[in-house]
Amino acid sequence: MKNGTIIQKYEFPSPNPSIRMYELTYMSGGLKVKGMLAEPANGSGYPGFLYLRGGIKGVGKVRPARIGQFASHGFIVFAPYYRGNLGGEGSEDFAGDDREDAVSGVELLRDHPRVTGGIHVFGFSRGGVMALLTAIEQPDVASVVSWGGVTDMFLTYEERVDLRRMMKRVIGGTPKKVPERYEWRTPLFQLDRLKAPVLIIHGEQDQNVSIEHAHRLEAGLREMGKTVETQYYQAYTHYFPPRKNQEIVAGMCEWMKNKRGNEQWACRWN
């Protein structure tokens with residue numbers, strides 16, 4: 001069955017009366033994977049928004065309020081749970097084969113009857129690497145946003161001592177033992193294939209995903225002449241204060257809506 005095909009769809013209680021929410025089961029690489037869809041209750045066509053969460057398994061779950069927030073800005077939002085989670089088949093493997101769940105999410109949005117005006121990809125934390133890998137595999141996406149995003153799996157292993165045990169188990173060894181598996185999960189090695197404009201948002205005090213991830217991504221994109229814009233916040237960590245978060249989300253959504261394919265325009269918000 002085609003990737004992105006919806007197998008089951010159940011209405012989910014929405015925290016916002018103007019947004020409808022559904023829990024879906026869809027096909028990805030021959031597996032039945034779960035995810036959440038949020039869309040404005042009224043109107044006809046909206047751009048698509050693929051939301052790629054951070055964490056792994058029970059850490060960093062998709063939050064209905066968060067994807068509802070993006071939908072309220074005029075998007076049809078789909079957020080994969082990733083394989084092996086909340087009843088989905090398969091096993092999550094930290095930007096390995098589970099990247100297909102994100103790529104299939106683009107197909108799901110592409111087939112949605114109300115999606116018009118392009119599909120945008122957003123990744124937070126671990127979702128940053130997923131977003132970049134998805135845009136590499138789906139070169140027609142309109143834009144990519146990496147917010148506090150992982151970009152280098154070698155650097156994650158080096159910096160996050162608390163994640164090393166999990167990474168060795170899920171990836172199959174250390175970077176020294178299986179460097180090819182870490183390279184495969186690191187989009188910095190494939191930036192030549194990336195077509196979409198990229199917006200990088202990162203707190204300079206981030207201890208979960210260091211600002212170095214953002215700097216490496218920015219440098220790689222600029223070296224190749226790609227379209228990249230940055231929003232670095234000196235005072236903030238991995239999580240931004242609610243009011244500032246809302247402000248940045250509004251600006252980011254406006255930035256996305258002004259992207260059509262590889263069109264370039266200057267970022268006008270701070």
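What counts, and at which threshold
- Residues numbered from 1 in each chain as written.
- Predicted model: local features only at pLDDT ≥ 70, side-chain atom pairs only at ≥ 80, totals over all residues.
- Heavy atoms only, no water.
- Core = buried A, V, L, I, M, F, W, Y, C linked by side-chain atoms within 4.5 Å.
- Buried < 20%, exposed > 50% of the residue type's maximum accessible area, 1.4 Å probe, protein only.
- Helix = DSSP H or I, 4+ residues; strand = E, 2+ residues; numbered from the N terminus.
- Contact = heavy atoms within 4.5 Å.
- Salt bridge = Lys/Arg side-chain N within 4 Å of Asp/Glu carboxyl O.
- 1 Å grid on protein atoms, 1.4 Å probe; cavity = no way out; pocket = protein on both sides within 12 Å on 5 of 7 lines; lining within 4 Å.
- Points joined across faces, edges and corners; volume = space filled by probe spheres on them.
- Pairing = 2+ DSSP bridges.
- Axes fitted to C-alpha atoms, helices over the stretch in contact; angles between N-to-C directions.
- Patch = residues over 30% accessible without salt bridge, like charges linked within 9 Å, V, L, I, M, F, W, Y side chains within 5 Å.
- Areas by Shrake-Rupley, 256 points an atom, 1.4 Å probe, with all protein chains shown as cover.
- Lys, Arg positive; Asp, Glu negative; His and termini not counted.
- Charge placed at Lys NZ, Arg CZ, Asp CG, Glu CD.
- Expected span 1.5 Å × (residues − 1).

Draft legend 1. Representation of the nonpolar core. Counting 50 residues, the largest nonpolar core has Leu50, Leu52, Phe78, Val144, Met153, Met167 and Leu194 as the members making the most contacts within it. Here this core gets seven residues from one element, more than from any other, and that element is helix α3 (residues 126-137). With residues near it in sequence (within four places) discarded, Met167 still touches Phe94, Met153, Thr156, Tyr157, Gly172, Gly173 and Tyr182. Counting 28 residues, the second-largest nonpolar core is a separate cluster that includes Tyr233, Met252, Trp255 and Met256.

Draft legend 2. Geometry of the pattern of salt bridges. A complete count under the given rule lists 17 salt bridges for this structure. We note a salt bridge from Asp140 to Arg110, for which the minimum N-O separation is 2.9 Å. Note that Asp140 is positioned in the loop between α3 and β7 (143-147) and Arg110 in helix α2 (residues 99-110), a separation of 30 residues in sequence. Assessed through its relative accessible area of 33%, Arg110 is described here as partly exposed. One network of salt bridges, in which partners are shared, links Lys2, Glu107, Arg110, Asp111 and Asp140.

Draft legend 3. Summary view of unusual backbone geometry. Positioned with a positive phi, Leu86 is a non-glycine residue whose angle comes to about 50°. Judged by its relative accessible area of 53%, Leu86 is exposed.

Draft legend 4. Expanded view of the environment of Met27. For Met27, the position within the fold is in strand β2 (residues 19-28). Sequence-wise, Met27 and Met1 are 26 residues apart; in three dimensions their C-alpha atoms are separated by 7.0 Å. Excluding its chain neighbours within four sequence positions, the residues that come into contact with Met27 are Met1, Lys2, Asn3, Gly4, Thr5, Ile7, Lys32 and Ser104.

Draft legend 5. Spatial organisation of the layout of surface pockets. Size it by volume and the largest pocket reaches roughly 750 Å³. Taken together, 33 residues form the lining of the largest pocket, with Gly55, Gly60, Phe124, Ser125 and Tyr239 sitting closest to its centre. Put simply, the parts of the chain that give the lining of the largest pocket at least two residues each are α1 (64-71), α4 (153-159) and α5 (164-172).

Draft legend 6. Region of the structure containing the sheet that holds strand β1 (residues 6-12). Sheet architecture is open: nine strands sit in the order β1-β2-β3-β5-β4-β6-β7-β8-β9, paired in mixed fashion. Strand pairing shows two members of the sheet lacking a second neighbour, β1 and β9 (228-233), which therefore form its edges. Averaged over all adjacent pairs, the angle separating strand axes in this sheet is 20°, with direction ignored. As paired strands, strand β3 (residues 31-40) and strand β5 (residues 76-80) are joined by four bridges and run antiparallel to one another. Bridging across to β5, Ala38 finds its partner in Val77. Against the sheet, helix α7 (residues 211-223) engages β8 (198-203) and β9, with an angle of about 160° to β9.

Draft legend 7. Molecular detail of a positive patch on the surface. Residues Lys57, Arg165, Lys168 and Arg169 make up a contiguous surface patch of positive charge. Relative to the helices and strands, Lys168 resides in helix α5. On the accessibility criterion, Lys168 (37% relative accessible area) is partly exposed.

Draft legend 8. Inspection of α2 at higher detail. Its twelve residues give α2 an end-to-end C-alpha distance of 17 Å, which sits within 8% of 16 Å, the value for a rise of 1.5 Å per residue. For α2, a buried count of ten out of twelve residues is recorded, marking the element as mostly surrounded by other parts of the structure. Among the residues making up α2, those that are buried are Arg99, Asp101, Ala102, Val103, Ser104, Gly105, Val106, Glu107, Leu108 and Leu109.

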